[in-house]
Protein chains: 4
Amino acid sequence: MVKVGIIGSTGYAGQELVRLLLGHKDAEIVWYGSRSYIDQSYASVYGNMFKLVDSKCLDDNMDELSSAADVIFTATPQGLCASLVNDEVLSKTKIIDLSADFRIKDVSVYEKWYGIEHKSPQYIKEAVYGLCEINRKDIPGARLIANPGCYTTCSILSLYPLVKERLIDVDTIVIDAKSGTSGAGRGAKVANLFCEVNESMKAYGVTTHRHTPEIEEQLGYAYEGKPLTLNFTPHLVPMNRGILVTAYAKLTKKADWDELRAAYEKYYKDEFFIRLLDKGVCPETRWVEGSNFTDINFVVDERTGRVVAMAALDNLVKGAAGQAVQNMNLVMGIDEKEGLTMPPLFP
Amino acid sequence: MVKVGIIGSTGYAGQELVRLLLGHKDAEIVWYGSRSYIDQSYASVYGNMFKLVDSKCLDDNMDELSSAADVIFTATPQGLCASLVNDEVLSKTKIIDLSADFRIKDVSVYEKWYGIEHKSPQYIKEAVYGLCEINRKDIPGARLIANPGCYTTCSILSLYPLVKERLIDVDTIVIDAKSGTSGAGRGAKVANLFCEVNESMKAYGVTTHRHTPEIEEQLGYAYEGKPLTLNFTPHLVPMNRGILVTAYAKLTKKADWDELRAAYEKYYKDEFFIRLLDKGVCPETRWVEGSNFTDINFVVDERTGRVVAMAALDNLVKGAAGQAVQNMNLVMGIDEKEGLTMPPLFP
Amino acid sequence: MVKVGIIGSTGYAGQELVRLLLGHKDAEIVWYGSRSYIDQSYASVYGNMFKLVDSKCLDDNMDELSSAADVIFTATPQGLCASLVNDEVLSKTKIIDLSADFRIKDVSVYEKWYGIEHKSPQYIKEAVYGLCEINRKDIPGARLIANPGCYTTCSILSLYPLVKERLIDVDTIVIDAKSGTSGAGRGAKVANLFCEVNESMKAYGVTTHRHTPEIEEQLGYAYEGKPLTLNFTPHLVPMNRGILVTAYAKLTKKADWDELRAAYEKYYKDEFFIRLLDKGVCPETRWVEGSNFTDINFVVDERTGRVVAMAALDNLVKGAAGQAVQNMNLVMGIDEKEGLTMPPLFP
Amino acid sequence: MVKVGIIGSTGYAGQELVRLLLGHKDAEIVWYGSRSYIDQSYASVYGNMFKLVDSKCLDDNMDELSSAADVIFTATPQGLCASLVNDEVLSKTKIIDLSADFRIKDVSVYEKWYGIEHKSPQYIKEAVYGLCEINRKDIPGARLIANPGCYTTCSILSLYPLVKERLIDVDTIVIDAKSGTSGAGRGAKVANLFCEVNESMKAYGVTTHRHTPEIEEQLGYAYEGKPLTLNFTPHLVPMNRGILVTAYAKLTKKADWDELRAAYEKYYKDEFFIRLLDKGVCPETRWVEGSNFTDINFVVDERTGRVVAMAALDNLVKGAAGQAVQNMNLVMGIDEKEGLTMPPLFP
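Residues numbered from 1 in each chain as written. Chains lettered and ligands numbered in written order. Predicted model: local features only at pLDDT ≥ 70, side-chain atom pairs only at ≥ 80, totals over all residues.

Q: Go over the overall build of chain A with me, naming the residues and quoting the values.
A: The secondary structure content of chain A amounts to twelve helices and 13 strands. Taking 2.2 N^0.38 as the reference for a compact globule, 347 residues should give roughly 20 Å; the C-alpha atoms of chain A span a radius of gyration of 20 Å, in line with that estimate. Taken along its principal axes, the extent of the C-alpha atoms in chain A is 60 × 45 × 40 Å. For chain A, the residues scored as buried account for 62% of the 347 residues in total. For chain A, restricting intrachain contacts to residue pairs at least 6 apart in sequence, the fraction spanning at least 24 positions comes to 71%. (Helix = DSSP H or I, 4+ residues; strand = E, 2+ residues; numbered from the N terminus. Rg over C-alpha atoms; globule rule 2.2 N^0.38 Å. Buried ≥ 20, exposed ≤ 12 C-beta atoms within 10 Å, placed from the backbone. Contact = placed C-beta atoms within 7 Å.)

Q: Tell me about the relation of the copies chain D and chain A, and please be specific about residues and values.
A: Aligned on chain A, chain D shows an RMSD of 0.0 Å; the corresponding rotation is 180° and the shift along the axis is 0.0 Å. Here the symmetry operator amounts to a two-fold rotation axis. Most of the interface of chain D is mirrored in chain A, where 100% of its interface residues are also at the interface. (Least-squares fit on C-alpha atoms with pLDDT ≥ 70 in both.)

Q: Describe the confidence of the model for chain A, listing the residues and the values that go with them.
A: Within chain A, residue pLDDT values average 97, and 100% of them lie at 70 or more. Reported confidences for the modelled complex are a pTM of 0.98 and an ipTM of 0.98. (pLDDT = per-residue confidence, 0-100.)

Q: So, the pairing of strand 2 (residues 27-33) of chain C: which residues are in play, and what are the values?
A: All names here are of chain C. Burial analysis of strand 2 places five of its seven residues in the buried class, which makes it a mostly covered element. Examined bridge by bridge, strand 1 (residues 2-7) and strand 2 share six bridges and lie parallel to one another. What sits directly across from Ile7, in strand 2, is Gly33. Read as a crossover between parallel neighbours, the route from strand 1 over helix 1 (residues 12-22) to strand 2 is right-handed. (Pairing = 2+ DSSP bridges. Right-handed = clockwise from strand over helix to strand, strands pointing away.)

Q: Can you tell me about the interface of chain A and chain B, naming the residues and giving the values?
A: Across the contact, 25 residues belong to chain A and 26 residues belong to chain B. Among the elements that make up the side of chain A that touches chain B, the one with the highest residue count is helix 1 (residues 12-22) of chain A (three residues). Residues belonging to the side of chain A that touches chain B are distributed by class as follows: 14 nonpolar, six polar and five charged. (Nonpolar A, V, L, I, M, F, W, Y, C, P; charged D, E, K, R; others polar.)

Q: Lay out the interface of chain D and chain A with the relevant residues and their values.
A: If you look at the interface, chain D gives 39 residues, while chain A gives 39 residues. Secondary structure elements with two or more residues in the side of chain D that touches chain A: strand 7 (174-179), helix 9 (194-197), strand 8 (202-203), strand 9 (231-236), strand 10 (243-250), strand 12 (294-301) and strand 13 (306-313) of chain D. For the side of chain D that touches chain A, the residue count by class is 18 nonpolar, ten polar and eleven charged.

Q: How would you sum up the sheet that holds strand 11 (residues 274-276) of chain A? Please name residues and give values.
A: Residue and element names in this part refer to chain A. Read from one edge of the open sheet, seven strands run 8-9-7-10-13-12-11, paired in mixed fashion. With partners counted over all chains shown, the strands left at the sheet margins are strand 8 (202-203) and strand 11, one partner each. Inspection of the sheet shows strand 7 (residues 174-179) paired to strand 9 (residues 231-236) by six bridges, in the parallel sense. By the bridge assignment, Ile175 is partnered in strand 9 with Phe232.

Q: Could you give an account of the packing of helix 8 (residues 150-164) of chain B against helix 12 (residues 317-332) of chain B, with specific residues and numbers?
A: Residues and elements named next belong to chain B. The interhelical angle for the contact between helix 8 and helix 12, taken along N-to-C directions, is 100°, at an axis separation of 8 Å. Regarding the angle of helix 8 to helix 12, the classification is roughly perpendicular. Counted together, Cys150, Thr153 and Cys154 of helix 8 and Lys318, Gly319, Ala320 and Gln323 of helix 12 form the full contact between these two elements. (Axes fitted to C-alpha atoms, helices over the stretch in contact; angles between N-to-C directions. Parallel < 35°, antiparallel > 145°, perpendicular 65-115°, else oblique.)

Q: Please give an account of the pairing of strand 1 of chain C that cites residues and values.
A: In the case of a regular strand, side chains alternate between the two sheet surfaces. All names here are of chain C. Counted residue by residue, strand 1 has five buried out of six residues, so it is predominantly covered. As paired strands, strand 1 and strand 3 (residues 71-74) are joined by four bridges and run parallel to one another. Note on strand 3: the bridge partner recorded for Gly5 is Ile72.

Q: Tell me about the relation of the copies chain A and chain B, residues and numbers included.
A: To go from the first copy of the chain to the second, apply a rotation about an axis and then a shift along the same axis. For the pair chain A and chain B, the superposition axis carries a translation of 0.0 Å, the fit reaches an RMSD of 0.0 Å, and the rotation angle comes to 180°. Most of the interface of chain A is mirrored in chain B: 100% of its interface residues are interface residues there too.

Q: Let's hear about the domain arrangement of chain A: which residues, and what values?
A: Residues and elements named next belong to chain A. Assigned domains within chain A: domain 1 (2-126) and domain 2 (151-314). One C-alpha centre belongs to domain 1, the other to domain 2, and the line joining them spans 27 Å. Each side of the interface is counted separately: domain 1 has nine residues, and domain 2 has seven residues. Counting residues per element, the side of domain 1 that touches domain 2 draws most heavily on helix 6 (residues 107-114), at three residues. (Domains from an automatic or database assignment.)

Q: Can you lay out the packing of helix 8 (residues 150-164) of chain A against helix 10 (residues 211-222) of chain A for me, pointing to particular residues and giving the numbers?
A: Residues and elements named next belong to chain A. Two numbers describe how helix 8 lies on helix 10: the axes approach to 9 Å, and their chain directions differ by 25°. With respect to their mutual orientation, helix 8 and helix 10 come out roughly parallel. Considering only the axes of helix 8 and helix 10, their crossing is right-handed. In this structure, helix 8 contributes Tyr151, Thr152, Ser155, Ile156, Leu159, Tyr160, Val163 and Lys164 to the contact, and helix 10 contributes His211, Glu214, Ile215, Gln218, Leu219 and Ala222. For the contact of helix 8 with helix 10, the class distribution of residues is eight nonpolar, four polar and two charged. (Left-handed = near helix turned anticlockwise from the far one by under 90°.)

Q: For unusual backbone geometry, give the residues involved together with the corresponding values.
A: The omega torsion across Phe346 of chain A and Pro347 of chain A is -5°, close enough to zero to call that bond cis. Its place among the elements puts Pro347 of chain A in the segment after helix 12 (317-332). Not every positive phi belongs to a glycine, and Arg166 of chain C is a case in point at roughly 55°. Structurally, the position occupied by Arg166 of chain C is in the loop between helix 8 (150-164) and strand 7 (174-179). In this structure, Glu224 of chain D takes a positive phi of about 55° despite not being glycine. Among the structural elements, Glu224 of chain D can be located in the loop between helix 10 (211-222) and strand 9.

Q: Mind laying out the sheet that holds strand 8 of chain D, listing which residues take part and the relevant values?
A: Residue and element names in this part refer to chain D. With respect to topology, seven strands assemble into an open sheet ordered 8-9-7-10-13-12-11, the strand pairing being mixed. Only two strands of the sheet have a single partner each, and these edge strands are strand 8 and strand 11 (274-276). Where strand 8 and strand 9 come together, two bridges link them in antiparallel fashion. Its bridge partner being in strand 9, Lys202 is matched across the sheet by Leu236.

Q: Could you give an account of the environment of Ser66 of chain B, with specific residues and numbers?
A: Residue and element names in this part refer to chain B. Mapped onto the fold, Ser66 is located in helix 3 (residues 62-68). Assessed through the 22 C-beta atoms surrounding it within 10 Å, Ser66 is described here as buried. Put simply, Ser66 and Ile95 are 29 residues apart on the chain and 9.3 Å apart in space, counted from C-alpha to C-alpha. Every residue in contact with Ser66, bar those within four places of it in the chain, is listed here: Ile72, Val89, Lys92 and Thr93.

Q: Go over the environment of Leu157 of chain B, please, and point to the residues and values.
A: Along the chain, Leu157 of chain B falls in helix 8. With 104 residues separating them in the primary sequence, Leu157 of chain B and Val53 of chain B have C-alpha atoms 34 Å apart.

Q: Describe the environment of Phe50 of chain C, and please don't skip the residues or the numbers.
A: Looking at the element boundaries, Phe50 of chain C is found in the loop between helix 2 (42-45) and helix 3 (62-68). Taking the C-alpha atoms as reference, Phe50 of chain C lies 36 Å from Tyr204 of chain C; in sequence the two are 154 residues apart. In this structure Phe50 of chain C touches Ala43 of chain C together with Arg275, Leu277 and Trp287 of chain D, once residues within four positions along its chain are discounted.

Written out as structure tokens, the structure reads:
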């Protein structure tokens, strides 16, 4: 039984970790960390856990926690994980970081886009970028996993085979992404009140969203390590969960649906958590809600010579907690799918 | 492994049965019945099931189905189950009927409220009303289970201990119920379009809703078999899932919260699927979504001498498919909780 | 042209006043008061007002404001208006208070339910309770109007004719009310975040909501001034606007729909803002959104001897700003309907 | 007083025409056409109009209607208006067609994208494309107005100044558009049920949506009449009203925000219904709901050399009925803003 600690267990991603781990056969949560709710009953913060979780929320005590837990998930604001990690901690436990601290290999890029100093850049190189379908072989045995961002997971998975196979001109990539509101977190802000979000839609962080360099870096690796830039625009949608990505790029040559499909199958055909939809079917977030699936499809536009690639996932599952559990399974040598096979919940 | 057939598998309750049974260790779906989608792939009707269900939808062939299945769920319009049941069928398989056909013992009451003739009244007496927490002992071994309605489950559970213990005046009961829109089914009607339901609320079926006599009959049994009448008013709420009941009644004597709580605990304290909330906490549908829980609490109003009892459940789970699986487990001698222990999904 | 000042113009009710007054032929807003946004452009707080309102938000300066404005609306937290009113102010301007400070005639009842000391009880007697359809004759010329609460307007209007005509037993009244989330205000609270409210429903303030004594007092006046108590339960609904009231009471004698309808017509038949629906039609909040209408209907339940009365209004219009403008019109001798005749917005 | 007839008055756009025209000083509706609801009271179809509209729905009788009405709005499925228009009709009345029948000048393009034969191509040349801000001078006196599509209005207005001023490379245009569900109409389809749309998002009509050639044609005129092709992708969003367009294109030269803003101001600075937002402010559909405004802004991305242009409007107002009334005002010599100055409704 893997003993698990969660730092930041009262955010939406933290709570989703709890939900998933309660259904995991080989894991047990031993530490519900939450600076905001210290000593309060976890179930008083999340009423769905009433009678399912008896524990109280604990402060971050890294010494104690790293001894108690085989794996620590940090579902915390940027910068916190980097400030907690050290050799002693990493010698005692595994860390799966749901923040961005160890996702970007170039510390100057991180510091520029996030506007904070990185407190432990010495671990960046070691950290494995935990996009399981692409980096699976590097994950087992890693001490420090950088769990990918929600938008980035969806964006990268939608385009990876096309970039890898040189089917698209990487200078023409435009990624238009739409997210449910749980991605904005549980902080009390006017902008996220029900009446402000409901019945409305907007773009935000246009040209400046922090997931941009993460997408660029990872797609750059697929592009033989060459740097690339692209446009990424996130939007806020009046729904709880779900990310939909619509990505555009010029094809490098005339190609039909079957040829592009072959590229997707080359990389994804054995991936349980990636569902390549039938021709003509567009991904919809309702079909992945509550699950770890990413649904992918695309349309070739002969008129313009572009491909329109689409992907849908649940931002709290494959976009956060689900992928984190998938990483934990790989790190600890458990069946990768354990705890993650529930069908999507609809409606 | 219990072999399961579902008639009406493409309605919302039918699809929820599929979702739950896919996670059930001891059951296997062998028949996806759907008159509306015969020969179509089930996953084309419900995209969440893509790659999880390979089967096609089948017509209702009761002969074949009753031989193939150990248990048949009928998630169908009123009247259909009654027209399918006969001695041969019941000798070969168990039937768990999610429609109202066998819920009401007095066939004239059924025919009056539902406006249709009952096609097999001879089986009404035998049928067990499958409100597990109340009729658990009668369920194992039954051939025909009348799975309770969504509103009725929530209404009865909210008031049962108070009626049974004579703590409320049954002539003063008013039940004001609110339901998410999945309760209205998947039929293509203007009234259920997104733009008609969203941003609105209404009562419907005022004084005439068919769940009224079902609630009255069951609470009457709790009241030593004496008949009672009450007001039940359903409302449509712009959300997918969830029923909230707010029930009012005069107390028969001055009583405080602790005394009434003792009555609830007398009947529910060992019930896994009933969560009696802490004093001062009101049930909310978000805390039960996707789960088989019913959350219950109440407030005593000293000023008016009334109790306000509240209950929340997921209409598709405890209000339909979840309770149906719970009944199947009891009928087939499986652990009652099997397949039903997933925590509620939030947000 | 009536010069209008608004204290609390950046709350939802304050902003609705702005929306309505921009369309009012005889009124001009001269003061956008907002402690929270002093010196900020009003349109930066409410983007819908971009290019329509050029003003900045001002602090509360009662001296200056009472000289500048013919009418002041106070759309502020409880207690503030009571602390601002004095003889000098009332000698210079009219006050229409959207808070509860002057609604309840018995100051001890106010202080008990609101938990604060009343700072100017000497003006309570003078204040007119501005439920226009019932107290119209007292409003012209008044210096201080207590604008009714949203729930109370809907609750009182739904039952007033029945109480006045002694058609219901006032000891049996149960009012179950449901409100959109704008009623909770624009404060940044976790409980009102999109993801917390969306896809859920709950009761709150059960037996303790502050609109209870206001409803009781006003219905008591209709009941020849005799005190009465009742149950009032508010619920939070995942929609922006709208209140729906479902009220229950025993009839004092056997009566059919036509008899009760006659009572409603006796009081409401010439009321433009009250729409008595056709028999069999239930009020729905979507049909009143954005308008000053209250839609009313009822069902007689012969089985239980109860009437189920229903009413729907827009909590920000007839439940707050619209009624306040209606009061202003009456106070200032303008056509009562001016600025309030826009049809409801649907969908 | 302009006498107005509406064919298709019971669709969402038709009903919005009714709402707007009820508030129009110089217009009067004399004909509520609706094939689906002949002889039914209009207010029974749209409860918001109860007591505001007394009329019944009428069949399409073009002879009678063209004599009775000075202006006829056709808010009908594609093909119907083309089948009704003839010389006699056009000699007696003006037609403002909300369908696509007369929007596209090349009849073969129309017939290819819409898949139907055009029944009166002889009037296409005469028809004026009623995008008022761009074609205002051609509208007065026209007999036949092709009222632009909702997506097209938003798309064209967002990019027009940039194309006209040659600031963007027209070969790189990608338009990603998101719409509320009222755009899908009031037909009873499973795909538009509340539970199917709520809590989900999807693209549809990818590379094949019929608004594509309309956008291309109109932007082509701005581009000195040269043909251009682009990608247009519509998405369905779980909200009632609102369209948000996010459009991408390569800049033809290095340019900063101020230079591009100057281009927008060149064409829009005196346009009442176009609001150019302040730098850094993104359009949001909530700020235009219920109004005829289009809010526009953009961001220059120096990293990629692209501009991201954004626009928001209410699909039923500026995207349909509001623009139609604006056209009527221009055609009939009424103040262009009459009936259209209501502020946006929020929340």
